[in-house]
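# Analysis of the macromolecular model
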Amino acid sequence: MVLKNFEELVAKVKSFPEPKRVVVAAAGDEHTIEALKEAVDDGIVIPVLVGDKAKIDEYLVKYNLNVTQDCIYDVPDVDEAAKKAVELIHEGKGDFIMKGKMETAQVLRPVVNKETGLGTGRVMSHFVFDELPYYHKLLVTTDGGMMTYPTLEQKKDIINNTVETLKALGYECPKIACVAAIEKVNPKMPETVEANELKQMNLRGEIKDCIVEGPISLDIALDKEAADIKGFDSPVAGDADVILVPNIQVGNVLGKSITVIAKGNMAGFVVGAKVPIIFTSRSSSAREKYLSLVLAAAVSAGNRN
């Protein structure tokens, strides 16, 4: 199954027999509560709210969201709220975590704690679904939010994280484009060398359940006509499911170009931990937060099937 748009993803999650429990750290945030309201009304999540109870109650009343008192934890300190959220996951009281009104580093600090966190021994990476006006399906971009300058082995882990996440959503053999500025290996451009190495790992069976192409330029990965003009023959050309960027700078610029310039929609979270971790920007719209809740719920369900 390949998802064409967010409408398909929402419909998929609405069909699940029961909602998923999301633990929200520093939940006293208006856009977060607004997104939760829509997700609750759609039967997608059950909120477990951690933070300043007075502020949480204010927004619950504003958006007419009913949350039982045993699912609200009064922890006004932001850092302590993040710790409590991780504890609740360990206690089995949540299926995934969402960041409320706090900085990303604050929610990730207890997540990556080696003794009490949610690590699995693998690299954690940022997975984003992008819905573009002129592309024929949802596009994954990774990693524009976690790994700054990943090594070759870390890029391999990012691909594995991404493939595992897509398999939980029903994908069988996603097409991965390791993008660079050119399509040929150039020793003076390390990203082209590593892109080719990742392709060879895939051909040798070291990276499984996907097709890896690289180095490949962005236009070829997304536009079959551009691939034909340049004589680039690959099953990934014009049909990429995933854009693997060489570093966080490229990922950040690409992501913001998609949302700001192309007016695309996005949803994302951190993968590679024991549960998905949603950390949308504090300035993100309620719509982006809602779609990220839908995506995390879908993956949580898929991982348990």
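This report concerns the structure included in the present document.

Reading guide: rules and limits
Residues numbered from 1 in each chain as written. Predicted model: local features only at pLDDT ≥ 70, side-chain atom pairs only at ≥ 80, totals over all residues. Heavy atoms only, no water. Core = buried A, V, L, I, M, F, W, Y, C linked by side-chain atoms within 4.5 Å. Buried < 20%, exposed > 50% of the residue type's maximum accessible area, 1.4 Å probe, protein only. Helix = DSSP H or I, 4+ residues; strand = E, 2+ residues; numbered from the N terminus. Contact = heavy atoms within 4.5 Å. Arc of directions from axis to C-beta. Polar contact = N/O pair within 3.5 Å; in protein donor to acceptor, adjacent residues only side chain to side chain. Phe/Tyr/Trp six-rings, centres within 6.5 Å; stacked < 30°, edge-to-face > 60°. Pairing = 2+ DSSP bridges. Axes fitted to C-alpha atoms, helices over the stretch in contact; angles between N-to-C directions. Parallel < 35°, antiparallel > 145°, perpendicular 65-115°, else oblique. Left-handed = near helix turned anticlockwise from the far one by under 90°. Nonpolar A, V, L, I, M, F, W, Y, C, P; charged D, E, K, R; others polar. Salt bridge = Lys/Arg side-chain N within 4 Å of Asp/Glu carboxyl O. 1 Å grid on protein atoms, 1.4 Å probe; cavity = no way out; pocket = protein on both sides within 12 Å on 5 of 7 lines; lining within 4 Å. Points joined across faces, edges and corners; volume = space filled by probe spheres on them.

This paragraph deals with the nonpolar core. Ranked by internal contacts, the top residues of the largest apolar core, which has 86 residues, are Phe129, Ile159 and Leu293. Here this core takes nine residues from helix 11 (residues 286-304), the largest share from any one element. Among all residues touching Ile159, those that are not within four sequence positions of it are Ile176, Cys178, Leu198, Ile207, Cys210, Val212 and Leu244. Membership of the second largest hydrophobic core comes to 17 residues, among which are Leu132, Val179, Ile216 and Val236.

For helix 1 (residues 6-14), the complete set of buried residues consists of Phe6, Leu9, Val10 and Val13. With its buried residues spanning 100 degrees around the axis, helix 1 presents them on a single face. Measuring from the side-chain oxygen of the N-cap residue of helix 1 to the backbone nitrogen of Glu7 gives 3.2 Å; that N-cap residue is Asn5.

This part covers the packing of aromatic side chains. Within the structure shown, the criterion is met by two aromatic pairs. Ring geometry for Phe127 versus Phe129: centroids 5.3 Å apart, planes at 80 degrees, classification edge-to-face. Residue Phe127 shares its accessibility class with Phe129, and that shared class is buried. Site record: aromatic cluster; members linked through ring pairs are Phe127, Phe129 and Phe269.

Bringing unusual backbone geometry into the picture now. Put simply, Thr142 and Asp143 share a cis peptide bond, and its omega is 5 degrees. Here Asp143 is to be found in the loop between strand 6 (139-142) and helix 6 (152-168). Of note, the amide linkage connecting Gly214 to Pro215 takes the cis form, showing an omega dihedral of 0 degrees. Inspection of the secondary structure puts Pro215 in strand 8 (residues 211-216). Not every positive phi belongs to a glycine, and Ala26 is a case in point at roughly 55 degrees. As for its position among the elements, Ala26 is in the loop between strand 1 (20-25) and helix 2 (30-41). The exposure class assigned to Ala26 is buried, which follows from its relative accessible area of 8%. Phi is positive for Lys263, close to 60 degrees, though the residue is something other than glycine. Relative to the assigned elements, Lys263 resides in the loop between helix 10 (248-261) and strand 10 (265-271). The exposed category is assigned to Lys263, whose relative accessible area is 62%.

Of the two faces of strand 6, the one carrying Leu139 and Thr141 and the one carrying Val140 and Thr142 are both buried. Relative to strand 6, strand 5 (residues 125-131) is paired through three bridges, and the arrangement is antiparallel. Opposite Asp130, over in strand 6, you have Leu139 as the bridge partner. Summarising the sheet, strand 6 and strand 9 (residues 242-244) pair through three bridges and their orientation is parallel.

Right, let's get into the packing of helix 6 against helix 7 (residues 190-203). How two helices sit against one another is set out by the angle between their axes and by the gap between those axes. Axis separation between helix 6 and helix 7 bottoms out at 10 Å; the angle between their running directions is 55 degrees. Relative to helix 7, the element helix 6 is oriented oblique. For the pair helix 6 and helix 7, the sense of crossing is right-handed. Contact residues: Leu152, Glu153, Lys155, Lys156 and Ile159 in helix 6; Glu194, Glu197, Leu198 and Met201 in helix 7. Considered class by class, the residues forming the contact of helix 6 with helix 7 number four nonpolar, no polar and five charged.

This model, assessed by the stated rule, comprises 22 salt bridges. Between Lys83 and Glu80 there is a salt bridge, with its nearest N and O atoms 3.5 Å apart. Placement of the pair is Lys83 and Glu80 together in helix 4 (residues 78-90), with a separation of three residues, close to one helical turn. Residue Glu80 is classed as partly exposed on the basis of its relative accessible area, which comes to 39%. One salt bridge connects Lys230 with Asp219, and the closest N-O pair in it is separated by 3.0 Å. Here Lys230, found in helix 9 (residues 224-230), pairs with Asp219, found in helix 8 (residues 218-222); they are eleven residues apart in sequence, far enough to count as distant.

Within the secondary structure, Gly255 is located in helix 10. For the pair Gly255 and Lys114, spaced 141 residues apart in the sequence, the C-alpha separation amounts to 30 Å.

The next point concerns empty space enclosed by the protein. According to the stated counting rule, one finds two cavities of 30 Å³ or more in the structure shown. Its boundaries defined by the atoms lining it, the largest cavity holds a volume of some 50 Å³. Taken together, Lys155, Cys178, Val179, Glu191, Ala195, Leu198, Leu244, Val245 and Pro246 make up the full set of residues lining the largest cavity. A class-by-class count of the residues in the lining of the largest cavity yields seven nonpolar, no polar and two charged. Forming the walls of the second largest cavity are Asp143, Pro150, Lys155, Ile158, Leu244, Val245, Pro246, Asn247 and Ile248. A breakdown of the residues in the lining of the second largest cavity according to their chemical character gives six nonpolar, one polar and two charged.

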